[in-house]
Amino acid sequence: MMAGTCYICDRPAFKTCLLCGRSACRDHLDDKGFACIKCAPSKKGPNISKGPGEPGGVQG
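Scope of this entry: the structure provided in the associated data block. (Residues numbered from 1 in each chain as written. Predicted model: local features only at pLDDT ≥ 70, side-chain atom pairs only at ≥ 80, totals over all residues. Heavy atoms only, no water.)

1. Some details on the overall build of the protein
Per the secondary structure count, the protein includes zero helices and four strands. Starting at the N terminus, the α and β elements of the protein follow one another as β-β-β-β. Expressed as a percentage of its 60 residues, the buried residues of the protein come to 27%. Restricting to contacts in the protein with at least 6 residues of sequence separation, those with at least 24 account for 8%. Accessible surface, the protein as shown: approximately 4,000 Å² in total, 54% of it carbon and sulfur. (Helix = DSSP H or I, 4+ residues; strand = E, 2+ residues; numbered from the N terminus. Buried < 20%, exposed > 50% of the residue type's maximum accessible area, 1.4 Å probe, protein only. Contact = heavy atoms within 4.5 Å. Areas by Shrake-Rupley, 256 points an atom, 1.4 Å probe, with all protein chains shown as cover.)

Pasting the structure below:
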């Protein structure tokens, strides 16, 4: 797998945000790894990317 570059900090990024499509490193993704912190800014409050199948999730 090739790493991209995190659009926030320029470190290697292996995932992309499901909401904006930009590459982000693990430090700049939400707790579940679905959305970047700019699309899901609160790591402690309501999380817009709860995941598929969960109420309020990306695909739910």
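2. Remarks on the nonpolar core
Counting residues in hydrophobic clusters, the biggest one holds nine residues: C6, A13, C17, A24, C25, L29, A35, C36 and A40. Beyond its immediate sequence surroundings of up to four residues, A13 is in contact with A3, G4, T5, C6, S23, A24 and C25. (Core = buried A, V, L, I, M, F, W, Y, C linked by side-chain atoms within 4.5 Å.)

3. Points about unusual backbone geometry
Working note: non-glycine residues mostly have negative phi, and peptide bonds are mostly trans. Residues other than glycine seldom take positive phi values, yet D10 does so here, at roughly 70°. When you line up the elements, D10 lands in the loop between β1 (4-5) and β2 (12-13).

4. Here we look at the environment of D27
Tracing the backbone through its elements, the reader meets D27 in the segment after β4 (23-24). Residues D27 and A13, 14 residues apart in the sequence, show an inter-C-alpha distance of 9.5 Å. Here the side chain of D27 touches R11 through a polar contact of 2.4 Å, side chain to side chain. (Polar contact = N/O pair within 3.5 Å; in protein donor to acceptor, adjacent residues only side chain to side chain.)

5. Quick look at the pattern of salt bridges
Evaluated as defined, the whole model comprises one salt bridge. Between R11 and D27 there is a salt bridge, and its shortest N-O distance comes to 2.4 Å. In this pair, R11 sits in the loop between β1 and β2 while D27 sits in the segment after β4, placing the two residues 16 residues apart along the sequence. (Salt bridge = Lys/Arg side-chain N within 4 Å of Asp/Glu carboxyl O.)

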